[in-house]
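Descriptive structure summary
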6 protein chains.
Amino acid sequence: MPITIGNVLDEADFASVAELLPQLMWADGTKTAGAVAREVKKNRQADLSTRSGTRLRELVQTALRTHPVVQAFARPAKWSPLIVSQTGEGGGYGTHIDNAFMGTGDSRVRTDLSFTLFLSEPDSYEGGELNIDMAGMTHSVKGARGDLVIYPSTTLHQVAEVMRGRRIVCVGWIQSLIRSGDQREILFDLDNLKAELLASHDKNSPELLTLSKTLANLTRMWGE
Amino acid sequence: MPITIGNVLDEADFASVAELLPQLMWADGTKTAGAVAREVKKNRQADLSTRSGTRLRELVQTALRTHPVVQAFARPAKWSPLIVSQTGEGGGYGTHIDNAFMGTGDSRVRTDLSFTLFLSEPDSYEGGELNIDMAGMTHSVKGARGDLVIYPSTTLHQVAEVMRGRRIVCVGWIQSLIRSGDQREILFDLDNLKAELLASHDKNSPELLTLSKTLANLTRMWGE
Amino acid sequence: MPITIGNVLDEADFASVAELLPQLMWADGTKTAGAVAREVKKNRQADLSTRSGTRLRELVQTALRTHPVVQAFARPAKWSPLIVSQTGEGGGYGTHIDNAFMGTGDSRVRTDLSFTLFLSEPDSYEGGELNIDMAGMTHSVKGARGDLVIYPSTTLHQVAEVMRGRRIVCVGWIQSLIRSGDQREILFDLDNLKAELLASHDKNSPELLTLSKTLANLTRMWGE
Amino acid sequence: MPITIGNVLDEADFASVAELLPQLMWADGTKTAGAVAREVKKNRQADLSTRSGTRLRELVQTALRTHPVVQAFARPAKWSPLIVSQTGEGGGYGTHIDNAFMGTGDSRVRTDLSFTLFLSEPDSYEGGELNIDMAGMTHSVKGARGDLVIYPSTTLHQVAEVMRGRRIVCVGWIQSLIRSGDQREILFDLDNLKAELLASHDKNSPELLTLSKTLANLTRMWGE
Amino acid sequence: MPITIGNVLDEADFASVAELLPQLMWADGTKTAGAVAREVKKNRQADLSTRSGTRLRELVQTALRTHPVVQAFARPAKWSPLIVSQTGEGGGYGTHIDNAFMGTGDSRVRTDLSFTLFLSEPDSYEGGELNIDMAGMTHSVKGARGDLVIYPSTTLHQVAEVMRGRRIVCVGWIQSLIRSGDQREILFDLDNLKAELLASHDKNSPELLTLSKTLANLTRMWGE
Amino acid sequence: MPITIGNVLDEADFASVAELLPQLMWADGTKTAGAVAREVKKNRQADLSTRSGTRLRELVQTALRTHPVVQAFARPAKWSPLIVSQTGEGGGYGTHIDNAFMGTGDSRVRTDLSFTLFLSEPDSYEGGELNIDMAGMTHSVKGARGDLVIYPSTTLHQVAEVMRGRRIVCVGWIQSLIRSGDQREILFDLDNLKAELLASHDKNSPELLTLSKTLANLTRMWGE
């Protein structure tokens, strides 16, 4: 299931983003698409190896990697390189499935979860919805600036054609410590339960010890 | 790990047991041993198809199957037929492993857990300990009358030679809904946590709903 | 993910339903709720052992069990007994999780999937939505007469309070041959692919043989 | 991997078979084929509910179910009904995959292993080989009278066209206690090792106890 | 199951091989054998750290790692170091099993698949067959120059004694992204199906999207 | 199950230890505790980056990593950094569970097994027992100097308050190649069986080849 986490970037972050975006260098986005995806991908992507690109990448990485809900929901083991993408009028990304693995060697990432961090205000462009196919139903997202959507990479999805304006997002993939979404949900629920119980119980109480033990042992059993 | 649960039979039960035991018919115990176990098994077993045998069997079955700790620890899906065994001087049961499956067709039972319910007082016989081999250490049990020991059928175990008196026990096997002992322990811990939290939380509180959901979903994931 | 399948009952079925419903006997619904669910369940349930109840049950069972989309999506191995439920003003069913197993012995059913078949028109009552909690989002369903909703039993869900009128539904649970929803989705997709390819390929063509082999072997690997 | 076990029926069995075969009633074989297989299946099958059919079925079942190599290799949990099939000139069975499950309810069988027991001498017919596709190589079998071939039901296979004479075989399917062929091979090897060691070691020696424990515990871990 | 892939090296490759082989330095082969294998291994192995050895190694590695059938069949995640082995008269390699893991730390390789690339023409030596034990049957291979045999490392195998001439091969091991051979076969079949369908369908057609999704999601589920 | 292995350090080792211990630098031990454990941990830990610390660390690492019983029982894939801990009067470590993972990136270790190597004689301090909770029973260890206790990290455990003297131990964690304790036990038993059989059988005998094959293939199946 997708979740949306609001305000992953704050106002100070967006001040930096506003300064950095105009300085970026952009290239055609098909180079990072798998064989199937290539011909349906119409966007431009920023070169993140420039000085401005590096600063933007680090700003976003820090925001994502330190966010407690991202940690608890996704349990990241590895992150793909980030992509900053802009899609202008007539651009979009047809229905596709993400490759199961990206990169090679130590930097190979199994794509358990995909994410989109919205850098443009939704009223600054028409179209451009992220449409995720969930067992025949379409889950459509057009997030506010600073919203992060995390969704299973196992879904067919697309970016609808942009009809007006320019959509700028940051996208990437997460290999989770916990491969199965069903298992991640159980750990997420138990983490939330633990946070709730800490309000009324000492962390060395039998209740919290039992819960900590269960969380640790499920993580041992499932973690990769 | 073995656990011992005390007083699984109460005084009223033992009054009935005392009345029924002398009425039982006994036969040589080797008929229920697997190929390896046969030659090391020296005991006598009661015919539980007689009228008295049936009453004894039903009394014990009811006590075992309705005991809340047995339920929470073992999560029984199927029970083997019960055996009432007496071991006299010079008898015992050499080191052996229980067969993985007993019975055939619908009554086939995978032996996840073995149990011994002690029907004699421990000072009424010498020797006769149940010795369970746990990774090189011996866990030795000689329970009080009414004690139930449940232990993993995966262990080598023996009944030490009886040196004096007569040891009477009831033994059997449980196929658990949850095959793995590590998983059973997690469910047992969460069940205990739930019981503790019910003292302070409403069962429809978010905390209890989360815990009930987790217990149900782990049982769905693991239950066979 | 929930799916909704329309027109599972047809007009002829509804003529029979209209005739049978007034003849049913009704009792309080708390008797079929688990411990947690009991106090949040406010509805009435039909006695399906009467002559009219039996006819209604058979009509619905036949419609469900022979429906090709139900087969392909759910791959039923076992069905729980059906429940016909009516909820009047002020009734509903608070947030709860379904028990992981229902029934005992051979009729024990692992509840992989829950379903609701709507027997009333949605404009004949106010409220009464089926609200399914999906990772923090609420998926709300108020189906047309004859709609069947199938959803994972792993979710917290509720029936919203009925504010006016009377909501009549038929509910039940399915143990799937395939325990994991992720695996069921793969088989569902391959089944659909096979149906599509049969339009252009002979069923003994290499393409269809490969696909049939894969479907059979994944079912062998995962089926329980 | 397929194995061939010789002389599963002995001379006395074949005397009975010779007497019973002429008394059987035969019908078209397409009725037991799955949807894909139907149009490629050209044979005739005996009615095993007649008096002669019943005797033949029981004779073959007994031979199969009591054979020690069949037990050790296949570890049967359930058997499909037997089929006695005759294929005349021009008959055969095109390339197909066996259904993953056969039958319904308690008699449902997962087809882990397929078998063919040859009832005709190989020189009494031309063609009629059982051809099993193993990762692109064809494993071709035309067994002697009394040979039993057991092979994974996961393979595409066919019966080559019979060019002359009449091929009579008995076929069926086995659901193994152990779903995975890799796991069955490990148990088969350890069973053989145990038989070898019993020639030189006492069955209660530490070596044999360790081996018996391992065999029992792997069976507990994997058995279904 | 073993497969043989022909012409993995082409004529230009063999011209280089013919030039490089005489320049290699050779040492006794027992140093790379596990404890059990050591005393049955009688061959000589080339030093691949010399200039000529390095060129030969790179030539072979490139040919193996870029071959599409090797990719689709084996799905390599890691490769062991290559070994170039020559076996003269009286040499060979007795029946043995390959170690489950080779190397340490990051270069540790789980040996899922073993391979032999034949560098000599088969008529240039007598004996020297690679004999693979498959459930009691022997699969014997003596490949043409340039043939690559890939087979499961789970099998007992041997190199028969060389009776005349000199057998030169290149051998190594592959850790697959997909541990189980049954799962690799399913992905291999679906990959082949996809290649076939691409001849008649657009890669963004619903059929191909479904197939690409299934391939990606099975790889996510199984890939390590 | 915990095991205790005696004399992991020998007299020569202890001469070095006696020389090195007085030269170590010590700091408060809470810095290496997880969030739950922090407030119950009262000890001091040595700085192992000093010259003396490095020598001590290497001495202990070598002893642990080359010990054949440690190898066979734990099958280490990764080791956490070592900790040398001293606990004085009033110190101890309350009941806690070890984190499931320690470290980050390539040095991240899943804590399958915890160990304590005793560096002080048990009569040199009062209290300070390592108490391991095993399904409700407490397994209490106060080892001799040079004893190593290895126990599952899945258990709640504590170090009892030291009442007199000073307890010095070396502790750490092991990520096993084999995640499940049940599986490790099977491999440990088969390893021991192999060692026993090597006394009477040639290592290339059919018996030993079968056993080596089974050990290798179970390790392939389970190793991570």
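Up top is the structure these notes are about.
Residues numbered from 1 in each chain as written. Chains lettered and ligands numbered in written order. Predicted model: local features only at pLDDT ≥ 70, side-chain atom pairs only at ≥ 80, totals over all residues. Heavy atoms only, no water.

Some words on the sheet that holds strand S3 (residues 41-42) of chain E
Residues and elements named next belong to chain E.
- Spatial ordering of the open sheet is given by S3-S7-S15-S12-S13, a layout of five strands whose pairing is antiparallel. Single-partner strands in this sheet number two, and they are S3 and strand S13 (137-141).
- Here strand S12 (residues 130-134) runs beside S13; their pairing, made up of five bridges, is antiparallel. From the neighbouring strand, asparagine 131 faces S13, where its bridge partner is serine 140. (Pairing = 2+ DSSP bridges. Helix = DSSP H or I, 4+ residues; strand = E, 2+ residues; numbered from the N terminus.)

As for the interface of chain A and chain E
- Contact residues are listed per partner, giving 19 residues for chain A and 18 residues for chain E.
- Approximately 1500 Å² of surface area, both sides summed, lies buried where chain A meets chain E, with 56% of it carried by carbon and sulfur atoms.
- Taken together, the links from chain A to chain E amount to eight residue pairs in polar contact (both at pLDDT 80 or more).
- Grouping the constituent residues of the side of chain A that touches chain E by class yields seven nonpolar, six polar and six charged. (Contact = heavy atoms within 4.5 Å. Buried area = accessible area lost by both parts, 1.4 Å probe. Polar contact = N/O pair within 3.5 Å; in protein donor to acceptor, adjacent residues only side chain to side chain. Nonpolar A, V, L, I, M, F, W, Y, C, P; charged D, E, K, R; others polar.)

Topic: the pattern of salt bridges
- Under the criterion given, the structure shown has 60 salt bridges over all chains.
- Two residues, Arg145(C) and Glu11(C), come together in a salt bridge whose shortest N-O distance is 3.5 Å. One end of the pair, Arg145(C), is in the loop between strand S13 (137-141) and strand S14 (148-152); the other, Glu11(C), is in helix H1 (residues 11-20), and 134 residues separate them in sequence.
- The exposure class of Arg145(C) is partly exposed, given its relative accessible area of 28%.
- Exposure remark for Glu11(C): the relative accessible area of 60% places this residue in the exposed category.
- Through salt bridges with shared partners, a single network forms among Arg110(A), Asp112(A), Arg179(A) and Glu224(A). (Salt bridge = Lys/Arg side-chain N within 4 Å of Asp/Glu carboxyl O. Buried < 20%, exposed > 50% of the residue type's maximum accessible area, 1.4 Å probe, protein only.)

Examining the sheet that holds strand S13 (residues 137-141) of chain B
- Reading across the sheet, the five strands line up as S3-S7-S15-S12-S13 (chain B) and stay open at both edges, with antiparallel pairing between neighbours. Edge positions in the open sheet fall to strand S3 (41-42) and S13 of chain B, since each of these has one partner strand only.

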